[in-house]
Amino acid sequence: ARFYVILPAILAPAFIVTGFFFHQVHLVAAKGWPLSWFATCFVAFAISKLVVTVVTGPLVDRFGARRLLPYVLTPVVGGLLVLSASDHMAAALVFMVMIGVTAGSSSVIGSALWAEVYGVTHLGSIRAMAYALTVFASALSPAFFGWLIDGGVSMEAIAFGSALYALFGSLLTSRLVLS
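Basis of the calculations
- Residues numbered from 1 in each chain as written.
- Predicted model: local features only at pLDDT ≥ 70, side-chain atom pairs only at ≥ 80, totals over all residues.
- Heavy atoms only, no water.
- Phe/Tyr/Trp six-rings, centres within 6.5 Å; stacked < 30°, edge-to-face > 60°.
- Helix = DSSP H or I, 4+ residues; strand = E, 2+ residues; numbered from the N terminus.
- Buried < 20%, exposed > 50% of the residue type's maximum accessible area, 1.4 Å probe, protein only.
- Salt bridge = Lys/Arg side-chain N within 4 Å of Asp/Glu carboxyl O.
- Expected span 1.5 Å × (residues − 1).
- Bend = angle between axes of the 7 residues up to and from the residue.
- 1 Å grid on protein atoms, 1.4 Å probe; cavity = no way out; pocket = protein on both sides within 12 Å on 5 of 7 lines; lining within 4 Å.
- Points joined across faces, edges and corners; volume = space filled by probe spheres on them.
- Nonpolar A, V, L, I, M, F, W, Y, C, P; charged D, E, K, R; others polar.
- Polar contact = N/O pair within 3.5 Å; in protein donor to acceptor, adjacent residues only side chain to side chain.
- Axes fitted to C-alpha atoms, helices over the stretch in contact; angles between N-to-C directions.
- Parallel < 35°, antiparallel > 145°, perpendicular 65-115°, else oblique.
- Left-handed = near helix turned anticlockwise from the far one by under 90°.
- Contact = heavy atoms within 4.5 Å.

**With respect to the packing of aromatic side chains**
Right, so step 1: In the structure shown here, the tally under the stated rule is 13 aromatic pairs.
Right, so step 2: Aromatic side chains Phe21 and Phe45 sit 5.3 Å apart centroid to centroid with 80° between the ring planes, which places their arrangement in the edge-to-face category. Here Phe21, found in helix α1 (residues 2-22), pairs with Phe45, found in helix α3 (residues 35-63); they are 24 residues apart in sequence, far enough to count as distant. Here Phe21 and Phe45 have matching classes, each one buried.
Right, so step 3: Between Trp114 and Tyr118, the ring centres sit 6.2 Å apart and the planes meet at 20°, which makes this aromatic pair stacked. On the criterion of helical spacing, the pair formed by Trp114 and Tyr118 is a turn pair, its members being four residues apart in helix α6 (residues 89-118).

Written as C-alpha cells, this is what we have:
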C-alpha cells in the first residue's frame, strides 16, 4: 500500500516536466515570450538541477529520504503557480529554476527512498517497477497535455492543474513520514 501512496509524488516530476518541455513552443506562444528566452532558461534549469542534486545527497544522509520526500514537489508547485499566474518573462525563469530544483532533489531522494521504505531484499524489483512507471508517465504526458490543449484548455489552467496534482502527491507522502 505504501508503494501506491508514494507513486503520485514519484511520477509527478517526470509527468509534469516532460509535458511542459514537449509543448514548450505552445507554452511560449501562449505567454508571448521569445523562444530564445525560454531556451536560455534551460541553462537555469540545468544549473539548479545540478546544484540541488549535489546538495540533496548529504541531506538524504542526514535526514533520510522518507522525511524529505513530502518537500520534493514544493518547488515545482511554486513554479507552476507562478507560470499559471504570470505572463512576465521572469515567470519562465522562475518556473525553470523551480522544476530544476524538484528534478534534482527527486532523483536523489527517489534513489534512496525504496531502500529506506522496503529494505534491500527486493530493491531491484521495486526500483525497476518505479522506473518503468516513471517512463510510462513521461510518455503519457505529451499526449495528455496535447489532448487538453486541443480541447481548448489554456497553459495556465494546465499549469494550475499540474500544481494541484503535485500538491496532492506531497500531501499523500506526508502520511509516509508519520507512519
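**Here we look at the pattern of salt bridges**
Right, so step 1: A full pass over the atoms with the stated rule returns two salt bridges.
Right, so step 2: Of the charged contacts, one joins Lys31 and Asp87 as a salt bridge, the two residues approaching to 3.1 Å between their closest N and O atoms. Residue Lys31 is located in helix α2 (residues 24-31), and its partner Asp87 is located in the loop between α5 (74-85) and α6; the two are separated by 56 residues in the primary sequence.
Right, so step 3: Accessibility expressed as a relative area gives 6% for Lys31, which makes it buried.
Right, so step 4: By sharing partners, the salt bridges in this structure join Lys31, Asp87 and Glu156 into a single network.

**Considering α6**
Right, so step 1: For α6, which comprises 30 residues, the first-to-last C-alpha distance of 44 Å matches the rise-based estimate of 44 Å (1.5 Å per residue) to within 8%.
Right, so step 2: Along its length, α6 reaches its greatest deviation from straightness, about 30°, at Ala112.
Right, so step 3: Gly119, located one to two residues past α6, shows a positive phi value of around 85°.

**What about the side chain of Thr56?**
Right, so step 1: Mapped onto the secondary structure, Thr56 falls in helix α3.
Right, so step 2: Residue class for Thr56 comes out buried when judged on its relative accessible area of 5%.

**Topic: the layout of surface pockets**
Right, so step 1: The calculated volume of the largest pocket comes to roughly 510 Å³.
Right, so step 2: Lining of the largest pocket is provided by 21 residues; of these, Ile10, Ser106, Ser107, Tyr131 and Thr134 occupy positions nearest its centre.
Right, so step 3: Take the lining of the largest pocket: its biggest share by element is seven residues, from α1.
Right, so step 4: Among the residues making up the lining of the largest pocket, the classes are represented as 13 nonpolar, six polar and two charged.

**Quick look at the environment of Asp87**
Right, so step 1: For Asp87, a relative accessible area of 45% corresponds to the partly exposed category.
Right, so step 2: Separated by 57 residues in sequence, Asp87 and Ala30 have C-alpha atoms that sit 8.7 Å apart.
Right, so step 3: A polar atom in the side chain of Asp87 sits 3.1 Å from the side chain of Lys31.

**With respect to the packing of α1 against helix α7 (residues 123-150)**
In a packed pair of helices, the relevant descriptors are the angle between the two axes and the axis-to-axis distance.
Right, so step 1: Orientation of α1 relative to α7, taken along the N-to-C sense of each, is 40°, at an axis distance of 7 Å. Classified by the interaxial angle, the pair formed by α1 and α7 is oblique. By crossing handedness, the relation of α1 to α7 is classed as right-handed. Between α1 and α7, the contacting residues are Phe3, Leu7, Ile10, Leu11, Ala14, Phe15, Ile16, Thr18, Gly19, Phe20 and Phe22 on the first element and Ile126, Met129, Ala130, Leu133, Thr134, Ala137, Ser138, Leu140, Ser141, Pro142, Phe144 and Phe145 on the second.

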